[in-house]
Amino acid sequence: MGKILVLGAGIIGLSTAVRLQEEGHSVEILARSLPMETTSAIAAAIWLPYRAEPAEKIARWSAQTYRRYAVEARDPASGVQLVELRKIARRELVDPYWLRPEYPSRRLSSDELPPGYEDGMAVRVPFIPSNRYLPWLLDRFRAAGGTVTVGEVGSLEELPQEPEAVVCCVGLGARELVGDDSLFPIRGQLVRLRSPSSPAQEIPPYVGDETSFEDPVYILPRGSECILGGTAQPGEGDLAPDPQTQERILARCFEIAPELRGWKVDGALVGLRPGRPSVRLEREVLHGRPVIFNYGHGGSGFTVAWGCADEVVELLGESLPE
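This report concerns the structure included in the present document. What you see is a predicted model, and the numbers here were worked out from it, not measured in a lab.

### Describing the overall build of the chain
Stage number 1. A tally of regular secondary structure across the chain gives 6 helices and 15 strands.
Stage number 2. Rg of the C-alpha trace for the chain: 20 Å, near the compact-globule value of 20 Å for 322 residues, within the 12% margin.
Stage number 3. A principal-axis box enclosing the C-alpha atoms of the chain has dimensions of 60 × 40 × 35 Å.
Stage number 4. Going through the 322 residues of the chain one by one, you find that 56% of them count as buried.
Stage number 5. Across the chain, the fraction of contacts at a sequence separation of at least 24, relative to all contacts at a separation of at least 6, is 75%.
Stage number 6. Here the chain has roughly 14000 Å² of accessible surface; of this, 49% comes from carbon and sulfur atoms.
Stage number 7. Each charge class in the chain can be summarised by its mean position, and for the 34 positive and 45 negative side chains these summaries are 3 Å apart.

Dropping the structure here:
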């Protein structure tokens, strides 16, 4: 087993590092930011394939990740839960390409549909509260001997020679680090609400079948707070919250769940998803050692993280001696 350097500490880098540890490797993470300072920390983090290609691989990686979360949900400290997500549409809803028999699902009855929605289905999926899951996963990584160094990387050439392999999980940072011009930001703005009461009123999670691909609708309760979304604006890199966008998000979500009108607005969140025509998950040999690229997951980082980490392990196993 070898010493591996993982670049990036978002959900992709962190899950990859943990998975490599499980294979017996000595792993160090080098990242510009700690996990709770990355885009992953802003994510609503429901398991749901979105804005990532190619579909066939996304479906496979998603299934592998689903199984991992289902196991982790047995540990309350992880924060992971299996919830019944309601996917609703203003027209007939076509079964999504990723739906499998092992994901418990049912059609919604007419009295379960919000006003103005014609069809819907409920699918049991993992919900991964990033504010609990990322610190839990980081603690596991460190407890198993992993190290995290915060620092900038100007190029792959300047990395230390000691690691036997490098795994590049830097998301949008790959535009500068490896000159990948196919990457582009997908701006996402969310609104966070706080419950006025304790315990919080129970509200089912919803995902709306968006009329515009750039305006997904979702309501994701997590304890005393609720995350409302959202936007998916390709090519937009502005991290400043837009007040008009916030009002539009609130209005659309209040139509679906009017009971949220009594909740307190607790700020806006903005993050940039790493968009790419297709996920880059491949191995090259640079300067005499294997470098595996694992980035460009769009809006599906939490959804495919463990499946992609499994593939990193396979690619690395083909490169390092036993």
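From this point, the discussion proceeds with the structure in view.
### A word on the pattern of salt bridges
Stage number 1. Across all of its chains, the model carries 23 salt bridges by this definition.
Stage number 2. Of the charged contacts, one joins arginine 68 and glutamate 72 as a salt bridge, the two residues approaching to 3.3 Å between their closest N and O atoms. With arginine 68 and glutamate 72 both in helix α2 (residues 55–72) and 4 residues apart, the pair spans about one turn of that helix. Like glutamate 72, arginine 68 is buried.

### Details of the packing of aromatic side chains
Stage number 1. Tallying each qualifying case throughout the model produces 8 aromatic pairs.
Stage number 2. Between the aromatic rings of tryptophan 47 and tryptophan 98, the centroid separation amounts to 5.4 Å while the plane-to-plane angle is 90 degrees, which identifies the pairing as edge-to-face. Remark: tryptophan 98 occurs in the loop between β3 (81–89) and β4 (105–107) and tryptophan 47 occurs in the loop between β2 (26–31) and α2; sequence separation between them is 51 residues. Of the two residues, tryptophan 47 and tryptophan 98, neither departs from the other in class, the shared state being buried.
Stage number 3. Aromatic pair tyrosine 133 and tryptophan 136: ring centres 5.6 Å apart, planes at 35 degrees, arrangement tilted. On the criterion of helical spacing, the pair formed by tyrosine 133 and tryptophan 136 is a turn pair, its members being 3 residues apart in helix α3 (residues 130–143). Side by side, tyrosine 133 and tryptophan 136 carry an identical accessibility label, which is buried.
Stage number 4. Through a chain of ring-to-ring contacts, the aromatic side chains of Trp47, Tyr66, Trp98 and Tyr103 assemble into a single cluster.
Stage number 5. Above the face of the tryptophan 306 ring, arginine 68 is positioned so that its terminal group lies 3.7 Å from the ring centre.
Stage number 6. One cation-aromatic arrangement involves arginine 280 over phenylalanine 293; the distance from NZ or CZ to the ring centre is 3.7 Å.

### Some words on the sheet that holds strand β7 (residues 165–168)
Stage number 1. If you walk across this open sheet you meet the 6 strands as β6-β2-β1-β7-β15-β14, and the pairing is mixed. In the strand order of this sheet, the two ends are held by β6 (147–150) and β14 (280–286), each with one partner. Ignoring strand direction, the axes of neighbouring strands in this sheet form an average angle of 20 degrees.
Stage number 2. Here β7 pairs with strand β15 (residues 289–295) via 3 bridges, running parallel. Residue pairing across strands places valine 167 opposite isoleucine 292, the latter belonging to β15.
Stage number 3. Sheet strands in contact with helix α1 (residues 11–22) are β1 (3–7), β2, β7 and β15, and its direction is about 170 degrees off that of β2.
Stage number 4. Taken strand by strand, α3 contacts β2 and β6, and its axis lies near 115 degrees from that of β6.

### As for the packing of α2 against helix α6 (residues 301–317)
To characterise two packed helices, one gives the angle between the axes of the helices and the distance between these axes.
Stage number 1. Relative orientation of the contacting elements α2 and α6 amounts to 100 degrees, with a least axis distance of 6 Å. Judged by the angle between their axes, α2 and α6 are roughly perpendicular. Packed against α2, whose contacting residues are Ile58, Arg60, Trp61, Ser62, Gln64, Thr65, Arg68, Tyr69 and Glu72, the element α6 presents Phe302, Thr303, Val304, Ala305, Trp306, Gly307, Cys308, Asp310 and Glu311 at the interface.

### Topic: the side chain of threonine 303
Stage number 1. Position of threonine 303 among the secondary structure elements: in helix α6.
Stage number 2. A residue is classified by how much of its surface remains accessible, and threonine 303, at 1% relative accessible area, is buried.
Stage number 3. Engagement of the side chain of threonine 303 in a polar contact is seen with the backbone nitrogen of leucine 48, the distance being 2.9 Å.
Stage number 4. If sequence neighbours within four positions are ignored, threonine 303 has contacts with Ile46, Trp47, Leu48, Pro49, Trp61, Ser62 and Thr65.

### Section: the nonpolar core
Stage number 1. Counting 64 residues, the largest nonpolar core has Leu20 and Tyr133 as the members making the most contacts within it.
Stage number 2. With 10 residues, α6 is the largest single contributor of residues to this core.
Stage number 3. Every residue in contact with leucine 20, bar those within four places of it in the chain, is listed here: Ile4, Val6, His25, Val27, Val167, Val312, Val313 and Leu316.
Stage number 4. Within the second largest apolar cluster, 21 residues are counted, among which are Leu193, Ile203, Ile219 and Cys253.

### Brief notes about the state of the cysteines
Stage number 1. The full count for this structure, using the stated rule, is 0 disulfides.
Stage number 2. Here cysteine 168 is not cross-linked by a disulfide; its sulfur's nearest cysteine counterpart is in cysteine 169, at 6.8 Å.

### A short note on the pairing of β2
Stage number 1. Pairing analysis gives 5 bridges linking β1 to β2, with the strands arranged parallel. Counted as the bridge partner of leucine 7 is leucine 30 from β2.
Stage number 2. As a crossover connection, the stretch from β1 through α1 into β2 is right-handed.

Quick notes on the rules
Residues numbered from 1 in each chain as written. Predicted model: local features only at pLDDT ≥ 70, side-chain atom pairs only at ≥ 80, totals over all residues. Heavy atoms only, no water. Helix = DSSP H or I, 4+ residues; strand = E, 2+ residues; numbered from the N terminus. Rg over C-alpha atoms; globule rule 2.2 N^0.38 Å. Buried < 20%, exposed > 50% of the residue type's maximum accessible area, 1.4 Å probe, protein only. Contact = heavy atoms within 4.5 Å. Areas by Shrake-Rupley, 256 points an atom, 1.4 Å probe, with all protein chains shown as cover. Lys, Arg positive; Asp, Glu negative; His and termini not counted. Charge placed at Lys NZ, Arg CZ, Asp CG, Glu CD. Salt bridge = Lys/Arg side-chain N within 4 Å of Asp/Glu carboxyl O. Phe/Tyr/Trp six-rings, centres within 6.5 Å; stacked < 30°, edge-to-face > 60°. Lys NZ or Arg CZ within 6 Å of the ring centre and 35° of its normal. Pairing = 2+ DSSP bridges. Axes fitted to C-alpha atoms, helices over the stretch in contact; angles between N-to-C directions. Parallel < 35°, antiparallel > 145°, perpendicular 65-115°, else oblique. Polar contact = N/O pair within 3.5 Å; in protein donor to acceptor, adjacent residues only side chain to side chain. Core = buried A, V, L, I, M, F, W, Y, C linked by side-chain atoms within 4.5 Å. Disulfide = S-S within 2.5 Å. Right-handed = clockwise from strand over helix to strand, strands pointing away.

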